[in-house]
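Residue-level listing of the chains:
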Amino acid sequence: MLLSVDHVTRYRYGLPVRAVMQSHRLTPSVFDGQKVRDWTVTVSGGIPGGSFRDGAGDRVQGWTVKGPVSEVEVRVTGTVETVDLAGVLRGHREVVPPEVYLVDTLPTRADAALISLSKSAEGADGPLSAAHLLAGAVADAIAYRPGATHAHTTAAEALALGEGVCQDHAHAMVAVARVAGLPARYVSGYLFADADGMAHEAAHAWAEVFVAGLGWVGFDPANRCCPDDRYIRLGSGLDAQDAAPIRGIARGVGSESLDVTVAVQSLQQ
Amino acid sequence: MAVGPGAVAVTQYFNEMYQGGKVRPPYARLEDWMKAMPAELRTLKQAEAEDLFRRIGITFAVYGEGGDPDRLIPFDMFPRVFTGAEWARLEKGIKQRARALNAFLVDVYQRGEIVRAGRVPSRLVYQNEAYEKAVAGIRPPKGVYSHIVGIDIVRTGPDEFFVLEDNCRTPSGVSYMLENREIMMRMFPDLFRENRIEPVEKYPEILRRTLASVAPEKCSGEPVVVLLTPGHFNSAYYEHSFLADLMGIELVEGQDLFVEGEFVWMRTTEGPKKVDVIYRRIDDAFIDPLCFRPDSMLGVPGLMDVYRSGGVTICSAPGAGVADDKAVYTFVPEMIRFYLGEEPILQNVPTWQCGKADDLRYVLDNLSELVVKEVHGSGGYGMLVGPKSTKDEVAAFRGKILADPGNYIAQPTLSLSTTPTFVAEGVAPRHVDLRPYCLVGERIELVPGALTRVALKEGSLVVNSSQGGGVKDTWVLAE
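Residues numbered from 1 in each chain as written. Chains lettered and ligands numbered in written order. Predicted model: local features only at pLDDT ≥ 70, side-chain atom pairs only at ≥ 80, totals over all residues.

When helices and strands are tallied, chain A shows 4 helices and 12 strands. Judged by the C-alpha coordinates and their principal axes, chain A covers about 60 × 40 × 40 Å. Per-residue burial over chain A gives 51% buried out of 269 residues. Taking the intrachain contacts of chain A between residues at least 6 apart in sequence as the baseline, contacts between residues at least 24 apart amount to 73%. (Helix = DSSP H or I, 4+ residues; strand = E, 2+ residues; numbered from the N terminus. Buried ≥ 20, exposed ≤ 12 C-beta atoms within 10 Å, placed from the backbone. Contact = placed C-beta atoms within 7 Å.)

As a further point, take the overall build of chain B. A count of helices and strands for chain B gives 14 helices and 23 strands. For 479 residues, the compact-globule estimate of 2.2 N^0.38 gives 23 Å, and the C-alpha radius of gyration of chain B, at 23 Å, lies within 12% of that figure. Dimensions of chain B, computed from C-alpha atoms along their principal axes, come out at roughly 65 × 55 × 45 Å. Buried positions account for 46% of the 479 residues belonging to chain B. (Rg over C-alpha atoms; globule rule 2.2 N^0.38 Å.)

As a further point, take the pairing of strand 11 (residues 277-280) of chain B. Residue and element names in this part refer to chain B. With burial as the criterion, each face of strand 11 is covered, one bearing Val 277 and Tyr 279 and the other bearing Ile 278 and Arg 280. Here strand 11 runs beside strand 12 (residues 313-315); their pairing, made up of 3 bridges, is parallel. Bridged to Tyr 279 within strand 12 is Cys 315. Viewed along the sheet, the connection from strand 11 through helix 11 (residues 303-308) into strand 12 turns out right-handed. (Pairing = 2+ DSSP bridges. Right-handed = clockwise from strand over helix to strand, strands pointing away.)

We now examine the interface of chain B and chain A. The interface is formed by 27 residues belonging to chain B together with 24 residues belonging to chain A. Looking at the side of chain B that touches chain A residue by residue, the class counts come to 11 nonpolar, 10 polar and 6 charged. (Nonpolar A, V, L, I, M, F, W, Y, C, P; charged D, E, K, R; others polar.)

Here we take up the sheet that holds strand 10 (residues 231-237) of chain A. Residues and elements named next belong to chain A. Here 4 strands make up an open sheet; going across it, the order is 9-8-7-10 and the pairing antiparallel. If you trace the sheet from one side to the other, it starts and ends with strand 9 (215-219) and strand 10, each paired once. Within this sheet the neighbouring strands show an average axis-to-axis angle of 35°, counted without direction. Sheet analysis places strand 7 (residues 184-191) next to strand 10, joined by 6 bridges and oriented antiparallel. If you follow Tyr 190 over to strand 10, its bridge partner there is Ile 232. Along the sheet, helix 4 (residues 166-179) contacts strand 7, strand 8 (203-211) and strand 9; its crossing angle with strand 8, the most-contacted strand, is approximately 10°. (Axes fitted to C-alpha atoms, helices over the stretch in contact; angles between N-to-C directions.)

On to the domain arrangement of chain A. All names here are of chain A. Considered domain by domain, chain A is made up of domain 1 (2-81 + 246-267) and domain 2 (85-237). Distance between the C-alpha centres of domain 1 and domain 2: 24 Å. The partner domain 2 presents 20 residues to the 22 residues of domain 1 that form the contact. Elements represented by at least two residues in the side of domain 1 that touches domain 2 include exactly strand 1 (2-24) and strand 12 (256-267). Looking at side-chain class alone, the side of domain 1 that touches domain 2 contains 12 nonpolar, 7 polar and 3 charged residues. (Domains from an automatic or database assignment.)

Looking now at the packing of helix 9 (residues 203-212) of chain B against helix 10 (residues 237-247) of chain B. Residues and elements named next belong to chain B. Look at helix 9 against helix 10: their axes get within 9 Å of each other, and the N-to-C directions meet at 80°. Taken together, helix 9 and helix 10 sit at an angle that is classed as roughly perpendicular. Seen from helix 9, the contacting residues are Pro 204, Leu 207 and Arg 208; seen from helix 10, they are Leu 243, Leu 246 and Met 247. Taken together, the residues of the contact of helix 9 with helix 10 sort by class into 5 nonpolar, no polar and 1 charged. (Parallel < 35°, antiparallel > 145°, perpendicular 65-115°, else oblique.)

Our focus in this paragraph is the pairing of strand 4 (residues 59-82) of chain A. Each regular strand shows side chains that alternate between the opposite faces of the sheet. Residues and elements named next belong to chain A. Pairing analysis gives 18 bridges linking strand 1 to strand 4, with the strands arranged antiparallel. Residue pairing for strand 4: His 7 is matched across the bridge by Val 76. With 9 bridges joining them, strand 2 (residues 34-43) and strand 4 adopt antiparallel strand pairing. Paired with Lys 35 across the two strands is Glu 81, which belongs to strand 4. If you look at the hairpin formed by strand 3 (residues 46-53) and strand 4, you'll find 5 residues sitting between the two strands, and Gly 57 has a positive phi there, around 90°.

In this section: the confidence of the model for chain B. Detailed conclusions should not be drawn from predicted coordinates in areas where pLDDT is low. Residues and elements named next belong to chain B. Residues at a pLDDT of 70 or more form 94% of chain B, whose mean pLDDT is 90. Ignoring residues within four places in sequence, the model shows residues 1-11, a span with pLDDT below 50, making 13 contacts including any to other chains. This complex was scored by the predictor with a pTM of 0.92 and an ipTM of 0.95. (pLDDT = per-residue confidence, 0-100.)

A few words on the packing of helix 2 (residues 127-141) of chain A against helix 4 of chain A. Residues and elements named next belong to chain A. The N-to-C vectors of helix 2 and helix 4 enclose an angle of 140°; their axes lie 10 Å apart at closest approach. With respect to helix 4, the axis of helix 2 lies oblique. As for the relative orientation of helix 2 and helix 4, their crossing is right-handed in sense. Between helix 2, through Ala 131, Leu 134, Ala 135 and Val 138, and helix 4, the contact on the second element is made entirely by His 169, Ala 172, Met 173, Val 176 and Ala 177. Taken together, the residues of the contact of helix 2 with helix 4 break down into 8 nonpolar, 1 polar and no charged. (Left-handed = near helix turned anticlockwise from the far one by under 90°.)

Further remarks concern the sheet that holds strand 10 (residues 273-275) of chain B. Residues and elements named next belong to chain B. A sheet is described by the order of its strands in space; here 3 strands give the open sequence 8-9-10, paired in antiparallel fashion. Looking at strand neighbours, the two that pair on one side only are strand 8 (257-260) and strand 10, the edges of this open sheet. Neighbour-to-neighbour, the strand axes of the sheet open up by a mean angle of 45°, direction not taken into account. The pairing of strand 8 with strand 9 (residues 263-266) spans 4 bridges and is classified as antiparallel. Among the inter-strand pairings, Leu 257 is bridged to a residue of strand 9, identified as Met 266.

Another aspect to go through is the environment of Asp159(B). Residue and element names in this part refer to chain B. Within the secondary structure, Asp 159 sits in the loop between strand 4 (148-155) and strand 5 (161-167). A count of 8 C-beta atoms within 10 Å places Asp 159 in the exposed class. Here the alpha-carbon distance between Asp 159 and Arg 89, two residues 70 residues apart in the chain, equals 9.4 Å.

Moving on to helix 4 of chain A. Helix length check: helix 4 of chain A (14 residues) gives 20 Å between terminal C-alpha atoms against 20 Å at 1.5 Å per residue, within 8%. Across the 14 residues that make up helix 4 of chain A, a large majority, 14, are buried. (Expected span 1.5 Å × (residues − 1).)

Here the focus is helix 3 (residues 39-56) of chain B. Within an α-helix, residues lying three or four positions from one another point in the same direction, as the helix has 3.6 residues per turn. Helix length check: helix 3 of chain B (18 residues) gives 26 Å between terminal C-alpha atoms against 26 Å at 1.5 Å per residue, within 8%. Burial of helix 3 of chain B is sparse: only 1 of the 18 residues sit out of reach of the surface.

Moving on to the nonpolar core. Leu134(A), Met173(A) and Val176(A) are the most contacted members of the largest nonpolar core, which has 209 residues in total. Ranked by the residues each element gives to this core, the list is headed by helix 4 (residues 84-108) of chain B, at 10 residues. Beyond its immediate sequence surroundings of up to four residues, Val176(A) is in contact with Leu114(A), Leu117(A), Ser118(A), Leu134(A) and Val138(A). (Core = buried A, V, L, I, M, F, W, Y, C linked by C-beta atoms within 7 Å.)

If you want it as structure tokens, here you go:
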């Protein structure tokens, strides 16, 4: 598919701030499943910092905005050609060994319920089949309902609630996979919401599980599938915060509000 | 010499001054000095030393112990002495170890050859809480992660030295090495005329040169080096300001620095000044809220992006802690063989990993004979010295180990050497250790001296200042 993205994040500050510092993971990953045609990130009043590819293969770019400023707009626009690799992250270069992704973090820490959920993979025929079973179990256990959870909800809390959004599904998937001994990570990106009537989040998140012999394979419990050509992958991490497309901080004292719009469209090929 | 109830046990320790009733050559002149000093003079001198320390402002705040945060660390006037030959061997061993530790760090953040070769277990490295995924693939300037390697060494015989642990992050205490010397020279100038003692006062200059030698590629001209401190509430704040002062560099806190564009800048009265090298005394978790702990107020937002894109050097490099973990320690001799193709000059203490079932069984069966430490512990907290503990203490510790075996390692109780130390009754042997500070940059350097810590309590083997330890001036005699 040929997908276009228009993603605007607007930060508004109650009182002008002296400076804004951000770290972006907003460039599509380089692997066989996607190819960038054009891609631009702009930050209003922003000074670009050094850019580099980190050990997980993500393009990271720092930005700073000099104050006083009461509003900062981060705009991402571009087009990406995608192909369906059935979730396999083929041709992705990275230095971090998969084993690093066995370590849990606060939002992905397994409680008794998550440990019990991970038993769904028992008797699976190998890690790939185990991961599929786990993704199905997570989808069954956590219903998609926007507003039920918040940015800091943990996998354990979402499971107890039985409701959540893609972030919660991804956290839960990562947690149960790690319990089952499979390296797993959180992935952030975009999803083209097609006309199938399902409620999707265009700014999306899913999980990847490391399967020996195959490499990293994506699983999207929120949509009961593996990422295909409707997905654009940006970056990964141990959890949502670690994989966040934008991490930022403002030097100031007032309140901060955030407004995000994301449009992902399919273009004629 | 005063001898107490511990005297019987003490005879089995190596006494660095006396052997077979005879004084060892490096201490010959000190024996005369000691004998010639009347008790009144000694009391007077001790008071003078304390006064000097207090005037200089060197104090040591101890975490979690309450009491006077500005209390002085006890200073013992009796120097500890090494011959030039003894030191030459130690120096070779220390530098060898510092080279291997840095080679290990470069390796595990790149291809991890030592893990692939099966020489170090991968879990120990990649699931270590000190492993920083954020710096994987990053090669710091000159391939150095740990620029100041503090290696804790104990002696058990004339030629027997063992490494207790490595400190690759930000080892503290070097200010005591410098101050102890300064104060001894002021109080006993004659001693320094009678003995040919190698100087240590070049340390700050060498440290500064070492830091400047690892300036990032994007730096042109004379590098600007700063020392980043968490602030005056930190227990080592005195040392931070002392070192910055001696090096002639700015002492800054997180709020004095900011990131703009590709660089880190320091606020000055003449406007922003670009910073090239940061000698940080802040833990990884706190140096950048955009990369590590988001609630940290001590760090510099955006610092890690500048570091990783080559705009600034951070010393020690983030992630260096994976080499000085007490479980990884076991494999340092392996690192020396693997990276340098050499045999270790300094030996490791045999170590049992409680995370391994066989080792755990041995440790539990021999708890009252062993020293047990937390893998990530420091400062002498949370450890058990079996032979010095009561039955109840041992039993309580057994419970702690069983609750989380992987968090503990155990070592035999070493017969730490003793050196003469001034005590209330006169002079008596007390156990000591040694912490040299090896500097690694473009070159690898070691000043002929170190911090000697002394367990002031009779019979005690715990030298940490937080546990009633004191310090001594440490001499290396010129050959």
